[in-house]
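# Understanding the architecture of this molecule
Below are the chains, spelled out letter by letter.
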Amino acid sequence: SSHFPQLIPANWSISYLLIDGLNIHFFPKSIMPLFFLGNILMLWDVAFTKRNYVYLIALIVYGLFGPIIYNLVFIADGNGDLPVSFFAFLSFYAYLKRTENKYDLKEFILIFLFASTAAGTKLAGFYIFVFISILCLCHLIVNHKSLKISDYAILISSAITILGANLFWYYLKPTVMV
């Protein structure tokens with residue numbers, strides 16, 4: 001678990017605290033297929049709302065090869081690849097579903113939140129976070145005249161809260177490897 005930001009191990013430990021027992025080894029890892037299902041549903045929605053055959057082909061390919069790549073042994077190991085792929089795609093999904101004819105600050109804060117969660121899940125998500133942050137910043141620069149002073153206060157406080165909540169996991173490392 002030292003290769004992950006500590007969000008995944010911390011979330012696994014919540015189930016141990018709630019149930020107050022040690023015999024639930026597979027329980028925290030058994031939700032991993034839900035992330036795969038979430039990716040499938042997002043691809044399904046984008047394929048039919050955008051009416052673009054490229055998304056439909058991506059849905060078919062992901063649906064066929066996903067179970068081969070993410071097999072039961074892979075899921076039982078508790079790798080963070082499924083959650084990071086979910087949160088990374090959720091960032092792009094939210095970007096694709098945003099209101100295109102006007103700049104809505106709340107939508108971009110949500111996109112930033114999803115990308116930050118991907119970064120907090122696994123280091124590969126940090127690359128998505130950097131890309132999405134640049135994308136959000138470009139939209140902010142283009143639309144800066146439509147924002148009020150209160151919008152900037154909301155933006156700054158939201159960014160600090162999101163970064164503080166999700167990325168501080170990079171600073172917490174276990175002292176003992178088991």
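To keep things clear, this report deals only with the structure shown in the data block.

Tallying secondary structure elements over the protein gives eight helices and zero strands in all. Per-residue burial for the protein yields a buried fraction of 40% across its 178 residues. Considering only contacts within the protein whose residues lie at least 6 apart along the sequence, 68% involve residues at least 24 apart. Approximately 11,000 Å² of the protein is accessible, and the part contributed by carbon and sulfur atoms is 73%.

So, about the pattern of salt bridges. Two side chains that carry opposite charge are able to pair once their charged atoms sit near each other. Counted by the stated rule, this structure contains three salt bridges. For Asp45, the salt bridge is made with Lys97, and the minimal N-O distance between the two is 3.0 Å. Remark: Lys97 occurs in the loop between helix H5 (81-96) and helix H6 (105-121) and Asp45 occurs in helix H2 (residues 32-49); sequence separation between them is 52 residues. Assessed through its relative accessible area of 38%, Lys97 is described here as partly exposed. With a shortest N-O distance of 2.2 Å, Lys122 and Asp81 are connected by a salt bridge.

Further remarks concern the packing of aromatic side chains. Going through the model one piece at a time under the given rule, you end up with nine aromatic pairs. Between Phe35 and Phe86, the aromatic rings sit 5.5 Å apart at their centres with planes inclined by 55°, giving tilted as the arrangement. You can see Phe35 sitting in helix H2 and its partner Phe86 sitting in helix H5, a full 51 residues away along the chain. As far as burial versus exposure is concerned, Phe35 and Phe86 are alike and both buried.

The next subject is the nonpolar core. In this structure, Tyr62, Leu82, Leu90 and Ile111 are the most contacted members of the largest nonpolar core, which totals 35 residues. For this core, the secondary structure elements donating two or more residues are H2, helix H3 (53-69), H5, H6 and helix H7 (123-142). For this core, the leading source of residues is H6, giving nine residues. With residues near it in sequence (within four places) discarded, Tyr62 still touches Phe36, Asn39, Ile40, Leu43, Pro67, Tyr70, Leu82 and Ser85.

Taken together, the side chains of Trp44, Phe48, Tyr53, Val54, Leu56, Ile57, Ile60, Val61, Leu64, Phe65, Ile68 and Ile69 make up a nonpolar region of the molecular surface, amounting to roughly 1,200 Å² of accessible area. Where the nonpolar patch is concerned, the elements lending two or more residues are H2 and H3. For Trp44, a relative accessible area of 48% puts it in the partly exposed group.

With that out of the way, let us pick up H5. Under the 1.5 Å per step criterion, the end-to-end length of H5 is 22 Å for 16 residues, consistent within 8% with the ideal 22 Å. Taking burial as the measure, the 16 residues of H5 include twelve buried ones, the bulk of the element.

All right, on to the state of the cysteines then. Taken as a whole and judged by the stated rule, the model has zero disulfides. Residue Cys136 stays outside any disulfide, its sulfur separated by 9.3 Å from that of Cys138, the closest cysteine. Owing to a relative accessible area of 11%, Cys136 belongs among the buried residues under this scheme.

Thresholds, definitions, all that
Residues numbered from 1 in each chain as written. Predicted model: local features only at pLDDT ≥ 70, side-chain atom pairs only at ≥ 80, totals over all residues. Heavy atoms only, no water. Helix = DSSP H or I, 4+ residues; strand = E, 2+ residues; numbered from the N terminus. Buried < 20%, exposed > 50% of the residue type's maximum accessible area, 1.4 Å probe, protein only. Contact = heavy atoms within 4.5 Å. Areas by Shrake-Rupley, 256 points an atom, 1.4 Å probe, with all protein chains shown as cover. Salt bridge = Lys/Arg side-chain N within 4 Å of Asp/Glu carboxyl O. Phe/Tyr/Trp six-rings, centres within 6.5 Å; stacked < 30°, edge-to-face > 60°. Core = buried A, V, L, I, M, F, W, Y, C linked by side-chain atoms within 4.5 Å. Patch = residues over 30% accessible without salt bridge, like charges linked within 9 Å, V, L, I, M, F, W, Y side chains within 5 Å. Expected span 1.5 Å × (residues − 1). Disulfide = S-S within 2.5 Å.

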